[in-house]
Amino acid sequence: MTVLVVAGALLALGLLDGALAGFRSSLGRTGAVDHRARDRVAARRGLGLMAALLLPVAVLAAGHALAPGDWPAAAYVRAGTGLLAVYLPYAAVVLAALAAYVVLGWRWGYLASALILGPFTLVRPLVATAGVLLGAVRAGDAVVVAGCLLALAAVLAVEPLSGRLWWDTRRQGVRPTASAAQRQ
Amino acid sequence: MRADAVEITDLLWDVAADGVRRPVRRSAVVDRLRATGQHGAARIVARMPATDDVLDPDAVDALGVRVHCELTRLVEELQFPRRVAATLAPVLDRLRAAGPGPVRVVDLGCGLGYVVRSLARSGLLGPDVELVGVDLNPVLVAEAERLRRDEDLACRFVHGDALAPGVAVERPGRTVVVSSGVLHHLSTEELTALVRAQAGLGVAGWAHWDIAPCLWSTLGAWVFHRARMREPVSRHDGVLSARRAHPAPVLLAAARDGAPGYRHAVLEGPRWHPRAIDVVRPLVGTRP
Ligand SMILES: C[S@@+](CC[C@H](N)C(=O)[O-])C[C@H]1O[C@@H](n2cnc3c(N)ncnc32)[C@H](O)[C@@H]1O
């Protein structure tokens with residue numbers, strides 16, 4: 001039971017992070033004012049990509065469970081609660097700031113972004129690594145540690161990969177209106 | 001950093017007053033950057049595609065549009081359209097009370113015109129306000145116009161020099177000039193010229209937003225450009241803009257010099273009690 005609760009909480013946080021990473025990876029690509037529809041698509045894709053990237057963790061855990069010998073549920077719980085100890089407060093602050101950005105007036109929205117959302121995006125790789133380090137130290141099981149490292153790889157890869165897969169405009173060159181007429 | 005350090009995007013286009021574009025030598029840009037000790041920036045430019053030492057204009061244009069697309073994300077997070085609307089509201093009310101007819105807001109150095117397009121979309125300034133964006137870079141003007149068409153917005157964009165009087169100003173007494181993130185591109189002489197050009201026409205007023213140079217804005221620029229920007233050019237230029245922005249006394253001196261008949265202020269909190277909201281703040285001028 002505890003294992004399921006911890007795994008469920010981590011999966012929910014992972015998918016939420018994937019959705020937000022996908023959203024971020026699509027921002028600043030077109031210059032359009034209204035990008036809400038695009039944001040939704042990007043968030044869905046980020047969530048799906050994160051699910052795919054976390055699949056190896058699930059396969060590893062399942063393989064571990066099917067292997068002969070006792071399945072070390074306690075090691076998973078220890079590692080998982082270590083991850084949650086770092087990720088839950090981070091997620092709570094980010095969600096509160098996002099709520100402030102969306103609900104409160106523009107001055108509060110600006111402050112939420114300037115003081116929390118921007119800096120928290122910057123430290124996200126460090127927070128992800130810190131959580132995995134704590135989880136790994138607490139796990140005391142090599143396979144569980146490997147699972148933690150695979151999850152870390154997924155978290156670090158999701159945003160750049162989503163950008164490359166769906167939103168990178170670099171290979172498209174300049175848009176037609178912006179060149180020919182002006183050049184002599 | 002040396003006082004004469006420049007942003008990479010200030011060196012990539014050479015457009016004559018008539019809009020004709022001249023080739024830009026990569027080695028000249030690299031040498032210029034090295035001369036001011038900007039070795040990282042020089043390396044970024046040295047990697048840009050060129051033929052016979054001339055920077056590939058298509059690649060430069062594509063880069064410019066990408067950099068400005070990234071910038072719109074920051075402009076949105078910094079709430080620029082709301083800031084403009086909040087500061088202009090009393091000025092626009094005064095102009096409406098003074099007489100009938102439309103009021104025009106001209107955004108100088110509008111880039112991709114995000115502020116103008118966003119204000120057109122939200123209608124925050126009111127239905128009687130005409131919105132015009134002006135930029136020196138014809139590539140950005142064309143792209144701003146394309147984006148305007150895409151979203152069917154009531155505003156327009158023209159190519160022009162902010163320092164040349166009269167660009168997009170037809171009824172000066174009912175025109176308010178704004179800009180965002182442009183002042184730090186100008187020398188103090190150019191600041192004076194900018195203000196003198198508008199005052200000479202007799203525009204109703206202006207509000208030019210720029211970064212307030214301090215430790216917090218430099219730190220904030222670094223954090224946001226690392227967290228949000230992908231292009232090395234954006235990251236370089238963004239942090240440099242915070243470091244080379246003009247302090248309020250310099251802005252005020254240049255404004256008083258260029259427009260002695262106007263009332264001037266830099267709308268920011270006291271130095272001993274800096275406000276987070278004032279990381280970008282306007283130099284405002286109003287005709288008495
Ligand atoms: C940092 S960008 C800011 C763009 C836009 N205002 C924004 O907030 O996203 C500065 C812009 O000023 C334009 N610019 C610089 N000098 C100018 C001048 N003398 N006249 C018109 N535009 C100018 C540049 O082409 C560039 O688009």
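Residues numbered from 1 in each chain as written. Chains lettered and ligands numbered in written order. Predicted model: local features only at pLDDT ≥ 70, side-chain atom pairs only at ≥ 80, totals over all residues. Heavy atoms only, no water.

**Student:** Just to check I follow, could you spell out the overall build of chain B for this structure?
**Tutor:** What chain B contains, in helices and strands, is ten helices and nine strands. On C-alpha atoms alone, chain B measures out to a radius of gyration of 19 Å, which is about the 19 Å that the 2.2 N^0.38 rule sets for 288 residues. Taking the principal axes of its C-alpha atoms as reference, chain B extends roughly 60 × 45 × 35 Å. For chain B, buried positions account for 56% of its 288 residues. Across chain B, the fraction of contacts at a sequence separation of at least 24, relative to all contacts at a separation of at least 6, is 76%. (Helix = DSSP H or I, 4+ residues; strand = E, 2+ residues; numbered from the N terminus. Rg over C-alpha atoms; globule rule 2.2 N^0.38 Å. Buried < 20%, exposed > 50% of the residue type's maximum accessible area, 1.4 Å probe, protein only. Contact = heavy atoms within 4.5 Å.)

**Student:** What should I look at first to understand the overall build of chain A in this one?
**Tutor:** When helices and strands are counted, chain A shows five helices and zero strands. In chain A, the order of α-helices and β-strands from amino to carboxyl end is α-α-α-α-α. A burial count over chain A gives 40% of its 184 residues as buried. Pairs at least 24 apart in sequence give 76% of the contacts found in chain A among residues at least 6 apart.

**Student:** What am I meant to see in the domain arrangement of chain B here?
**Tutor:** Reports of interface size often rely on the accessible area that becomes lost once the parts have come together. Residue and element names in this part refer to chain B. Domain annotation of chain B identifies domain 1 (8–55) and domain 2 (72–286). One C-alpha centre belongs to domain 1, the other to domain 2, and the line joining them spans 26 Å. Tallying the contact residues gives twelve residues for domain 1 and twelve residues for domain 2. Between domain 1 and domain 2 the total buried area reaches about 880 Å² when both faces are included, carbon and sulfur atoms providing 60% of it. Counting across the interface, domain 1 meets domain 2 through one salt bridge. Note that Arg244 and Asp10 form a salt bridge whose closest N and O atoms lie 2.8 Å from each other. (Domains from an automatic or database assignment. Buried area = accessible area lost by both parts, 1.4 Å probe. Salt bridge = Lys/Arg side-chain N within 4 Å of Asp/Glu carboxyl O.)

**Student:** Any chance you could explain the interface of chain A and chain B here in plain terms?
**Tutor:** Between chain A and chain B, the residue contacts involve 37 residues of the former and 43 residues of the latter. Note that B:Arg121 is salt-bridged to A:Asp34, the shortest N-O span being 2.9 Å. For the interface between chain A and chain B, the tally reads twelve residue pairs in polar contact (both at pLDDT 80 or more). Every element with two or more residues in the side of chain A that touches chain B is listed here: helix 1 (2–26) and helix 4 (106–139) of chain A. Residue contributions to the side of chain A that touches chain B peak at twelve residues, all from helix 4 of chain A. Its residues placed into classes, the side of chain A that touches chain B shows 13 nonpolar, 16 polar and eight charged. (Polar contact = N/O pair within 3.5 Å; in protein donor to acceptor, adjacent residues only side chain to side chain. Nonpolar A, V, L, I, M, F, W, Y, C, P; charged D, E, K, R; others polar.)

**Student:** Would you take a moment to explain the packing of helix 4 of chain A against helix 4 (residues 80–98) of chain B for this structure?
**Tutor:** The description of two packed helices rests on the angle between their axes and on the distance between the axes. Axis separation between helix 4 of chain A and helix 4 of chain B bottoms out at 10 Å; the angle between their running directions is 145°. Relative to helix 4 of chain B, helix 4 of chain A is oriented so that their crossing is left-handed. Facing A:Trp106, A:Arg107 and A:Tyr110 of helix 4 of chain A, the residues of helix 4 of chain B in contact are B:Arg82, B:Arg83 and B:Ala86. Here the residues of the contact of helix 4 of chain A with helix 4 of chain B sort into three nonpolar, no polar and three charged. (Axes fitted to C-alpha atoms, helices over the stretch in contact; angles between N-to-C directions. Left-handed = near helix turned anticlockwise from the far one by under 90°.)

**Student:** For this particular structure, what's the right way to read the nonpolar core?
**Tutor:** Burial of nonpolar side chains together is a common tendency in soluble globular proteins. All names here are of chain B. Core analysis: the largest hydrophobic core is formed by 35 residues, its most contacted members being Leu88, Leu92, Val105, Leu125 and Leu131. Where this core is concerned, the elements lending two or more residues are helix 4, strand 3 (103–108), helix 5 (114–122), strand 4 (129–135), helix 6 (138–150), strand 6 (175–180), strand 7 (205–211) and strand 9 (280–286). The greatest single-element share of this core, amounting to seven residues, is contributed by helix 4. Filtering out sequence-adjacent residues up to four positions away, Val105 remains in contact with Leu88, Leu92, Leu125, Val129, Glu130, Leu131, Val132, Val176 and Val178. (Core = buried A, V, L, I, M, F, W, Y, C linked by side-chain atoms within 4.5 Å.)

**Student:** I tried to follow the pattern of salt bridges on my own but got confused; where do I start?
**Tutor:** All names here are of chain B. In the structure shown here, the tally under the stated rule is 23 salt bridges over all chains. In this structure, Arg228 engages Glu77 in a salt bridge whose closest nitrogen and oxygen atoms are separated by 2.6 Å. Separated by 151 residues along the polypeptide, Arg228 in helix 8 (residues 215–228) and Glu77 in helix 3 (residues 57–77) bring together distant segments of the chain. With relative accessibility at 6%, the residue Arg228 sits in the buried group. Here Arg146 ties to Glu143 by a salt bridge, and the two come within 3.1 Å at their closest N and O atoms.

**Student:** Is there a simple way to think about the side chain of B:Asp210 in this case?
**Tutor:** All names here are of chain B. When you line up the elements, Asp210 lands in strand 7. It is Arg281 that comes nearest to the buried, bridge-free Asp210 among opposite-charge side chains, at 5.9 Å. A polar atom in the side chain of Asp210 sits 2.7 Å from the backbone nitrogen of His184. (Lys, Arg positive; Asp, Glu negative; His and termini not counted.)

**Student:** Any chance you could explain helix 9 (residues 232–244) of chain B here in plain terms?
**Tutor:** For an α-helix, the turn length of 3.6 residues means that residues three or four places apart are oriented alike. Residues and elements named next belong to chain B. The end-to-end C-alpha distance of helix 9, which contains 13 residues, comes to 18 Å, matching closely the 18 Å that a straight helix rising 1.5 Å per residue would cover. Along helix 9, the positions that sit buried rather than exposed are Val233, Ser234, Asp237, Gly238, Val239, Leu240, Ser241, Ala242 and Arg244. Residues of helix 9 that are buried make contact with helix 2 (39–46), helix 3, strand 7 and helix 8. (Expected span 1.5 Å × (residues − 1).)

**Student:** Teacher, can you tell me more about the sheet that holds strand 9 of chain B here?
**Tutor:** Strand-to-strand pairing in sheets goes through backbone hydrogen bonds, with the strands running parallel or antiparallel. Residue and element names in this part refer to chain B. Overall, mixed pairing links the seven strands, which are arranged 5-4-3-6-7-9-8 in an open sheet. Each edge of the sheet is formed by a strand with only one pairing partner; in this case those strands are strand 5 (156–159) and strand 8 (263–266). Going across the sheet, the axis of each strand differs from the next one's by a mean of 20°, ignoring polarity. Here strand 6 pairs with strand 7 via five bridges, running parallel. Across the sheet, residue Val176 finds its bridge partner in strand 7, namely Gly205. Sheet contacts for helix 4: strand 3, strand 4, strand 6, strand 7 and strand 9; angle to strand 6, the most-contacted strand, approximately 165°. (Pairing = 2+ DSSP bridges.)

**Student:** Where do I start with the site of the ligand in this structure?
**Tutor:** All names here are of chain B. Near the ligand you find 17 residues, and of these Gly109, Asp135, Asp161, Ala162 and Ser180 are the closest. Asp135 has a polar side-chain atom sitting 2.6 Å from an oxygen atom of the ligand. Within the backbone of Ala162, an N or O atom sits 2.7 Å from a nitrogen atom of the ligand. Contact with the protein chains removes 86% of the 590 Å² of surface that the ligand exposes when unbound. Looking at which element gives the most residues to the shell around the ligand, the answer is helix 3, with three residues. (Near = heavy atom within 4 Å. Areas by Shrake-Rupley, 256 points an atom, 1.4 Å probe, with all protein chains shown as cover.)

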